[in-house]
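One letter stands for each residue in the lines below.
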Amino acid sequence: MKIAIPADEKILSSDVCMSFGRAPYFYIYETMTKMGDFIENEAASSPGGAGVKAAQIVVDQHADILITPRCGENAAEVFKATPLQIYKSKNGSIADNLDAYLNDKLSQLENFHAGFHGVAGN
Amino acid sequence: MKQLLILSGKGGTGKTTLASAFIKLAQAQAYADCDVDAPNLHLVLEESVKPKKKDFYGMPKAEINLLLCAKCDRCREHCRFDAISIKDDVYQIDPFACEGCGVCEAVCPVRAIALKPDIAGELMLYDNHDTVFSTAQLKMGSGTSGMLVTEVKKAMKSVDVGAELAIIDGSPGIGCPVIASISGVDLVLIVAEPSVSGISDLERIIKTAQVFHTKTVVCVNKYDTNLKNTEKIIDYCKRQGIPFMGKVPYDEKAVKAINDGVTIVDIYCDAGYAAQEVFNQAMKELNF
Amino acid sequence: MKLAVLSGKGGTGKTLVSVNLAAVAKNSIYVDCDVEEPNGHLFFKPVGIKNETVAIKIPIVDAALCLGCRKCVDFCKFNALAAIVNKLIVFDDICHSCGGCIMLCPNNALTEKDKVIGEINTGISEEVKVISGILNTGEASGIPIIKEVLNKIAAEEKLILIDCPPGSACIVMESIKDADYCILVAEPTVFGLHNLKMAYELVGLFNKPHGVVINKTLANSHLIEDFCDENKIKILSKIPYDSELGTLNSNGEIAARKSAVYKELFSSLLQTVVKEVEHETVTHS
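Just so we're clear, the structure is a prediction, and the values are computed from it rather than from any experiment. (Residues numbered from 1 in each chain as written. Chains lettered and ligands numbered in written order. Predicted model: local features only at pLDDT ≥ 70, side-chain atom pairs only at ≥ 80, totals over all residues. Heavy atoms only, no water.)

*Asks:* Would you mind showing me how to read the overall build of chain C here?
*Replies:* Each helix and strand in chain C was counted, giving 11 helices and 11 strands. Principal-axis analysis of the C-alpha atoms places the extent of chain C at approximately 70 × 45 × 40 Å. Out of the 285 residues belonging to chain C, those deemed buried represent 58%. Nonlocal contacts in chain C, meaning residues at least 24 apart in sequence, comprise 73% of its contacts between residues at least 6 apart. Of the accessible surface of chain C, which amounts to about 11,600 Å², a share of 50% is contributed by carbon and sulfur atoms. Of the charged side chains in chain C, 28 are positive and 35 negative, and the gap between their average positions amounts to 3 Å. (Helix = DSSP H or I, 4+ residues; strand = E, 2+ residues; numbered from the N terminus. Buried < 20%, exposed > 50% of the residue type's maximum accessible area, 1.4 Å probe, protein only. Contact = heavy atoms within 4.5 Å. Areas by Shrake-Rupley, 256 points an atom, 1.4 Å probe, with all protein chains shown as cover. Lys, Arg positive; Asp, Glu negative; His and termini not counted. Charge placed at Lys NZ, Arg CZ, Asp CG, Glu CD.)

*Asks:* Sorry if this is basic, but what is going on with the domain arrangement of chain C here?
*Replies:* Interfaces are frequently sized by the accessible area removed from exposure as the parts join. In terms of domain boundaries, chain C breaks down into domain 1 (2-54 + 118-284) and domain 2 (63-108). Distance from the C-alpha centre of domain 1 of chain C to the C-alpha centre of domain 2 of chain C: 41 Å. (Domains from an automatic or database assignment.)

*Asks:* Looking at this structure, how should I read the sheet that holds strand 3 (residues 52-57) of chain B?
*Replies:* To summarise the sheet geometry, strands pair through backbone hydrogen bonds and adopt either a parallel or an antiparallel arrangement. Residue and element names in this part refer to chain B. Pairing is mixed across the open sheet formed by nine strands, whose spatial order is 3-8-9-2-10-1-11-12-13. Two strands in the sheet have a free side with no partner beyond their single neighbour: strand 3 and strand 13 (244-248). Between one strand and the next, the sheet's axes are offset by a mean angle of 20°, whatever the strand orientation. Alignment of strand 2 (residues 30-33) against strand 9 (residues 132-138), held across three bridges, turns out to be parallel. (Pairing = 2+ DSSP bridges. Axes fitted to C-alpha atoms, helices over the stretch in contact; angles between N-to-C directions.)

*Asks:* I keep staring at the interface of chain B and chain C and nothing clicks. Help me out?
*Replies:* Listed as interface residues are 53 residues of chain B and, on the opposing side, 46 residues of chain C. In this assembly, chain B packs against chain C so that about 4,100 Å² is buried in total across both faces, 59% of it on carbon and sulfur atoms. If you sort the residues of chain B by the area they bury against chain C, Arg80, Met140 and Asn259 of chain B come out on top, with a joint share of 16%. There are two salt bridges connecting chain B and chain C. Between Asp82 of chain B and Lys147 of chain C there is a salt bridge; the shortest N-O distance is 3.6 Å. Along the contact surface separating chain B from chain C lie 10 residue pairs in polar contact (both at pLDDT 80 or more). Mapped by element, the contributors of at least two residues to the side of chain B that touches chain C are helix 1 (15-26), helix 3 (103-107), helix 6 (196-211) and helix 8 (252-259) of chain B. When the residues that make up the side of chain B that touches chain C are grouped by side-chain class, the tally is 19 nonpolar, 23 polar and 11 charged. (Buried area = accessible area lost by both parts, 1.4 Å probe. Salt bridge = Lys/Arg side-chain N within 4 Å of Asp/Glu carboxyl O. Polar contact = N/O pair within 3.5 Å; in protein donor to acceptor, adjacent residues only side chain to side chain. Nonpolar A, V, L, I, M, F, W, Y, C, P; charged D, E, K, R; others polar.)

*Asks:* Looking at this structure, I do not really get the nonpolar core. What am I missing?
*Replies:* Generally speaking, nonpolar side chains in soluble globular proteins are found buried as a group. Judged by nonpolar contacts, the single largest core of 112 residues is most densely connected at Phe20, Phe26 and Phe79 of chain A together with Leu6 of chain C. Broken down by element, this core gets its largest block of residues, seven residues, from helix 1 (residues 50-60) of chain A. Discounting residues that sit within four places of it in the chain, Phe20 of chain A has contacts with Pro6, Phe26, Asn41, Gly51, Ala54, Ala55, Val58, Leu66, Thr68, Arg70, Ala75 and Phe79 of chain A. Val132, Ala163, Ala166 and Leu202 of chain B belong to the second largest nonpolar core, which has 42 residues in total. (Core = buried A, V, L, I, M, F, W, Y, C linked by side-chain atoms within 4.5 Å.)

*Asks:* Hey, could you run me through helix 5 (residues 143-153) of chain C in this one?
*Replies:* Each α-helix winds once per 3.6 residues, and so residues spaced three or four apart point in a common direction. Buried within helix 5 of chain C we find Ile143, Ile145, Ile146, Val149, Leu150 and Ile153 of chain C. Down the axis of helix 5 of chain C, the sector holding all buried residues measures 155°, keeping them to one side. (Arc of directions from axis to C-beta.)

*Asks:* So what exactly am I meant to see when it comes to the pairing of strand 2 (residues 28-32) of chain C here?
*Replies:* Consecutive side chains along a regular strand alternate between the two faces of the sheet. Residue and element names in this part refer to chain C. Of all five residues in strand 2, five are buried, a share of seventy percent or more. Of the two faces of strand 2, both are covered, the one formed by Ser28, Tyr30 and Asp32 as well as the one formed by Ile29 and Val31. Of the strand pairs in this sheet, strand 2 and strand 7 (residues 128-135) are connected by five bridges, and their pairing is parallel. Note on strand 7: the bridge partner recorded for Val31 is Ile131.

*Asks:* Can you walk me through unusual backbone geometry in this structure?
*Replies:* Excluding glycine, a negative phi dihedral is what most residues carry, and trans is how most peptide bonds are arranged. All names here are of chain C. A positive phi angle is found at Ser97, which is not glycine, with a value near 60°. Positive phi is not limited to glycine here, since Asn108 has a value of about 50°. Relative to the assigned elements, Asn108 resides in the loop between helix 4 (100-104) and strand 6 (110-125).

*Asks:* Would you take a moment to explain the packing of aromatic side chains for this structure?
*Replies:* Each aromatic ring pair is specified by the distance between its two centres and by the angle formed by the two planes. A complete count under the given rule lists 11 aromatic pairs over all chains for this structure. On the basis of an interplanar angle of 65° and a centroid distance of 5.2 Å, the ring pair of Phe22 of chain B and Phe279 of chain B is categorised as edge-to-face. Separated by 257 residues along the polypeptide, Phe22 of chain B in helix 1 and Phe279 of chain B in helix 9 (residues 270-285) bring together distant segments of the chain. Pairing Tyr250 of chain B with Tyr241 of chain C gives two aromatic rings, centres 4.3 Å apart and planes at 5°, and the pair type is stacked. With Tyr250 of chain B in the loop between strand 13 and helix 8 and Tyr241 of chain C in the loop between strand 11 (234-240) and helix 9 (243-250), this pair bridges two chains. Three or more aromatic residues link up through ring pairs in this structure, and these residues are Phe20, Phe26 and Phe79 of chain A. (Phe/Tyr/Trp six-rings, centres within 6.5 Å; stacked < 30°, edge-to-face > 60°.)

*Asks:* Would you mind showing me how to read the packing of helix 1 of chain B against helix 9 of chain B here?
*Replies:* Between two packed helices, the angle of one axis relative to the other and the distance separating the axes together describe the packing. Residue and element names in this part refer to chain B. Their axes nearest at 10 Å, the elements helix 1 and helix 9 cross at an angle of 70°. Here helix 1 is positioned roughly perpendicular relative to helix 9, judged by the angle of their axes. The chirality of how helix 1 crosses helix 9 is right-handed. For the pair helix 1 and helix 9, the contacting residues are Leu18, Phe22, Leu25 and Ala26 in the first and Ala275, Gln276, Val278 and Phe279 in the second. Here the residues of the contact of helix 1 with helix 9 sort into seven nonpolar, one polar and no charged. (Parallel < 35°, antiparallel > 145°, perpendicular 65-115°, else oblique. Left-handed = near helix turned anticlockwise from the far one by under 90°.)

Dropping the structure here:
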């Protein structure tokens with residue numbers, strides 16, 4: 001099973017990024033092999049629609065679980081079409097949150113905020 | 001660090017006047033101006049250091065290479081934004097109308113058109129070690145940008161001055177820059193004006209803040225310009241269960257203070273005293 | 001004759017000036033292009049309202065035809081499309097209606113449908129025709145509505161007052177494009193001056209003849225006058241700070257219809273502007 005977490009920096013002690021769509025990196029962890037990797041989030045620099053693109057990236061990584069503090073309506077709409085489940089992160093590092101999830105200590109994210117509609121341009 | 005965001009449905013309600021007063025009263029170490037369309041906060045807060053400047057890139061814009069252009073007219077036909085025109089038999093792109101969609105680039109048979117990065121504004125960060133002030137200015141003709149607002153807030157947080165409280169002057173309107181302003185803050189203070197349009201704007205902005213489940217409080221500025229409407233706003237807040245922080249009178253001395261480049265709490269005036277009261281109430285809401 | 005009223009920022013009295021000018025002109029048209037916060041109708045309270053919707057084109061997918069090639073997803077600069085488990089999702093509120101995805105789809109799986117983003121209300125208030133563009137909340141751009149509104153009045157011979165959106169973004173540019181003259185409204189504060197400079201830069205960019213109305217003048221502040229002197233900008237009128245005007249305005253009343261003093265003030269402002277425009281036409285032809 002694969003777990004995705006938005007990250008501020010490319011280290012496990014990094015905080016979970018407060019923004020899903022504009023996180024600089026995603027940490028992708030595979031529970032079978034217990035191995036993880038950081039990937040760049042190309043959506044971070046998108047003037048608009050970052051949430052949709054970031055969601056596309058996470059889905060393309062075949063993630064089953066996403067751990068994030070917040071998630072926009074648009075990204076949630078993308079995830080709804082997949083079996084992926086979203087859990088709400090708690091304060092602490094990526095490693096802390098991964099542990100917390102694996103020990104059943106995180107709950108599912110229920111609130112989705114409105115997006116930054118059509119950000120750049122006009 | 002707790003973040004207080006000051007908002008108003010539209011410009012001209014005295015949002016920046018109050019924000020600058022709060023920054024003085026709180027001796028805030030971190031503050032930001034997210035009104036990137038028409039930033040005004042820097043006009044009342046004197047900074048002793050020069051800002052660090054950084055270009056902000058918005059959507060890329062199309063550029064046409066006339067040496068390659070075959071004048072086939074396909075780009076002009078396909079542009080939905082009327083951004084391409086012919087003048088004296090030469091194709092040109094109106095950068096203000098171009099939205100950077102890339103359709104012209106895709107239809108051009110001779111690759112004469114390419115999307116090029118476009119500077120949409122400038123970020124400015126004043127960092128003098130114990131305080132940090134982040135602001136930005138959009139370029140003429142560039143649209144309001146939620147992303148620039150996000151960048152301004154990010155820049156403010158990038159300098160660790162050990163601040164317990166950050167005060168943010170928000171964007172007017174109800175659109176995406178406002179949404180970008182609200183995200184992540186602990187308290188939203190709405191500065192309302194007691195006019196028919198002020199009330200309709202207030203209702204729209206409260207709806208926006210509620211979507212984010214962000215704690216929202218209200219104060220009225222220039223309350224004595226229309227006492228009846230002030231009462232209406234207070235009633236409205238009561239009915240909606242929104243804490244009311246107080247009311248600030250219209251005060252010619254306040255206008256003079258701003259024109260002299262100082263805040264309303266730097267001089268003795270009624271507006272200043274009232275602002276102090278609103279500030280104290282807001283701090284209680286933030287548990288300071 | 002088309003007169004655009006603008007200011008670098010909201011709340012300076014843009015609507016006050018345009019509404020009252022239209023009211024004293026009689027037989028005129030008031031056009032509200034401040035589509036995000038259209039307030040002019042709160043003053044005019046027009047009757048006999050005709051309402052029409054404004055729609056933009058957005059893509060719609062025929063799932064049976066979609067090959068899952070992702071050409072559209074890769075092309076869209078706005079990230080308005082996502083391809084998930086071989087299903088294409090379109091995000092209407094992010095889409096800018098550029099038509100690129102439809103053009104590129106190799107299997108004609110994408111077509112267009114109308115999406116309503118706002119409306120235009122036309123009504124009558126005494127002898128003034130009131131046209132308001134209104135953008136629905138949550139929509140990205142009001143420009144299609146402004147274009148539609150301006151199309152409606154393009155051939156009109158009457159005197160037209162255009163109440164522009166605040167700021168200096170492209171949406172304002174769209175509003176002043178066809179104007180014969182621009183009235184810049186400014187308050188005599190450092191904020192007001194800063195905002196006026198932006199509006200001034202904007203009208204300069206379009207080479208539009210222009211003049212300034214100072215709102216809420218103060219005895220001891222010459223900020224705006226000094227700036228206008230320096231740049232040789234005509235000051236068209238000064239509206240003093242007055243609690244009677246403030247009360248009328250904040251209650252949604254039109255001052256020029258309620259008070260003889262303001263009827264006189266705005267009539268004289270209108271005359272000044274009309275003279276300016278005629279003068280411009282003479283010198284430029």
